[in-house]
Amino acid sequence: MKPIPPEEMMSTRRVIYMDHSATTAVDPRVVEAMLPYFTERYGNPSSLYRLGAEARTAIEAARQTIAELIGARPKEILFTSCGTESDNLALRGVAWASRHKGRHIITTPIEHHAITHTCEQLAHEFGFRITYVPVDGDGLVDPEDVARAITEETILISVMYANNEVGTIEPIAEIGRIARERGIPFHTDAVQAGGQLPINVDALGVDLLSLSGHKFYAPKGVGVLYVREGTPLLPTQTGGGQEFHRRAGTENVPYIVGMAKALELAYASLSEEAPRLQRLRDRLIEGILERIPGARLTGHRTQRLPGHASFVFGGVDGEAILVYLDRANVAASTGSACASGEGTPSPVLEAMGITGRQALGSLRLSLGRENTEEDVEYVLNVLPPIIEKLREFSPLCPDMALR
Amino acid sequence: MYKEIVIEHFMNPRNVGVIENPDGYAQVESSVCGDMMEIYLRIEGERIADIKFRTFGCAAAIASSSLASEIIKGKTIAEATQLTDAQIAEELGLPEPKLHCSVLAMSALHAALEDYYKRHPEARPQSGEAPAAPAQGEHA
């Protein structure tokens, strides 16, 4: 394929979805597994009659499945409404339960808002002290920094398994060993890693772990919080005795069934799918760095999610790139301030030392099941002329020494 | 999120570029989102004979610059300064979080006219004539 000029991009071809870090399409096999639980087996799992018992059996089977997949015990699996709820419950639940023991939490500046905003609230409203251990230019946390940050007051460490914006995989097992030695509960937000990287809670040494169904081809609106037995955790949502009195509310039976099915499918195909995505990702990274002057990969070159490619391009705004890509039928995302509506550049890139306008020109392409080599080649052909055209409009380009 | 007119201006922006030895020039930045715009004016008598701009920013910022330049080109200074960022935003149908992008275009025009008056004090309108100062809502 030759480069496609922007004017000719309004093609009628299907949308090339490269935003799997945002969400995924529900797998048809997952939909099929869920359907009976909407209309036929609609009982409340707490009800005593057979219809209720059927629903109970289904969610306990799902709990068993998920527990086995991540090396946990069924009673350590809590079903939640999403990754954000799991993160919130982990932080608040442990903080509330341990508040008399100490009020110090260790985390990183590159966590999802579900973590950072919860930490900010615990700090501002409840008197907790938060230490943000730094990351290096690739977005990696140094476990030694975590060890050094620990005090007598530390009641929780939370470090994400893999970063959503830059794809970097953190040294969770090493941090887990440190946390265990010091007897401090360790949470990891594994929302981006779920179904994409192997997860074994003992190998990782984590006490709490968050998952979100819609990142691995289950529907939106369902998640998991793994809580190791013995971990102090107060419920933040109270009511009925569901989820071992740790998360009240009638269980979302069809979605829980679907999520277990989806995670099962993801791990059943991981040994083929991960290397396939990695090949596509590497082709995308190499092609973009080669064809676009001034392009820079963000995140670690190899220690990154198998389908995750992220960049910054000097002199152009990320939102403008996305609007152009959308016209070329490519769905992608950016951390650009003007696109996020937050009005501030990405704190993740900032923590990695990518600041100011450079951080505004970010692009994330996250690959998944339906992406093919042809999709990658298509993006490699449409993206360079888009960047070139946007740079023609840009007052920053002559200063940036791009060529 | 964007109307077709925004996409059309964004993909085919009018008057992009630079003018050598302009009569008025300005570069302005948005404190809201880091967008940046520069504008070049060639003025003949009372009239803005030519206008060129370059924008670093989102689709709304680029479309606002394009539309503003299209309206302003060929107008007298007095006519051009009647244009407001609200008119640009309305014509483009910009959503609320993007309103500040239209402000940048008009701030740039006013700053470039100010530059022109510095070079040509005799051209500055006397009080009572149309003001060249930004009339409203400047967040840029």
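Refer to the structure presented above.
What counts and what doesn't
- Residues numbered from 1 in each chain as written.
- Chains lettered and ligands numbered in written order.
- Predicted model: local features only at pLDDT ≥ 70, side-chain atom pairs only at ≥ 80, totals over all residues.
- Heavy atoms only, no water.
- Helix = DSSP H or I, 4+ residues; strand = E, 2+ residues; numbered from the N terminus.
- Rg over C-alpha atoms; globule rule 2.2 N^0.38 Å.
- Buried < 20%, exposed > 50% of the residue type's maximum accessible area, 1.4 Å probe, protein only.
- Contact = heavy atoms within 4.5 Å.
- Areas by Shrake-Rupley, 256 points an atom, 1.4 Å probe, with all protein chains shown as cover.
- Lys, Arg positive; Asp, Glu negative; His and termini not counted.
- Charge placed at Lys NZ, Arg CZ, Asp CG, Glu CD.
- Axes fitted to C-alpha atoms, helices over the stretch in contact; angles between N-to-C directions.
- Parallel < 35°, antiparallel > 145°, perpendicular 65-115°, else oblique.
- Left-handed = near helix turned anticlockwise from the far one by under 90°.
- Nonpolar A, V, L, I, M, F, W, Y, C, P; charged D, E, K, R; others polar.
- Expected span 1.5 Å × (residues − 1).

A. The overall build of chain B, seen in detail. In terms of regular secondary structure, chain B is built from five helices and three strands. Order of helices (α) and strands (β) in chain B, N terminus to C terminus: α-β-β-β-α-α-α-α. For a compact globule of 140 residues, the expected C-alpha radius of gyration is about 14 Å, and chain B comes in at 14 Å, within 12% of that figure. Seen along its three principal axes, the alpha-carbon backbone of chain B occupies a region of about 45 × 30 × 25 Å. The 140 residues of chain B split such that 54% are buried. Long-range contacts, defined as pairs at least 24 residues apart, comprise 62% of the intrachain contacts of chain B with a sequence gap of at least 6. Approximately 6,100 Å² of chain B is accessible, and the part contributed by carbon and sulfur atoms is 49%. Taking the average place of the 12 positive charges on the side chains of chain B and the average place of its 21 negative ones, the gap between the two points comes to 3 Å.

B. Geometry of the packing of helix α2 (residues 59–72) of chain B against helix α5 (residues 99–119) of chain B. Residue and element names in this part refer to chain B. Running from N to C, α2 and α5 cross one another at 45°; their axes reach a closest spacing of 8 Å. When the axis of α2 is compared with that of α5, the two are oblique. For the pair α2 and α5, the crossing hand works out as right-handed. Here α2 contributes Ala60, Ala61, Ser64, Ser65, Ala68 and Ile72 to the contact with α5, which in turn contributes Cys101, Ser102, Ala105, Met106 and Leu109. Residue classes in the contact of α2 with α5 are distributed as eight nonpolar, three polar and no charged.

C. Representation of the environment of arginine 301 of chain A within the structure. Residues and elements named next belong to chain A. Checked against the element boundaries, arginine 301 lands in the loop between β9 (295–297) and β10 (308–313). For arginine 301, a relative accessible area of 31% gives the class partly exposed. Measuring from C-alpha to C-alpha, the distance between arginine 301 and leucine 234 comes to 39 Å, with 67 residues separating the pair along the chain. Ignoring any residue separated from it by four or fewer positions in sequence, one finds arginine 301 in contact with Arg281, Asp282, Ile285 and Glu286.

D. Fine view of helix α11 (residues 270–291) of chain A. Residues and elements named next belong to chain A. Over its 22 residues, α11 extends 31 Å from the first C-alpha to the last, a length consistent with the 32 Å expected when each residue adds 1.5 Å. Within α11, the full set of buried residues consists of Leu270, Glu273, Ala274, Leu277, Leu280, Arg281, Asp282, Leu284, Ile285, Gly287 and Ile288. Contacts from the buried residues of α11 go to α10 (253–268), β9, β10, β12 (362–366) and α16 (373–393).

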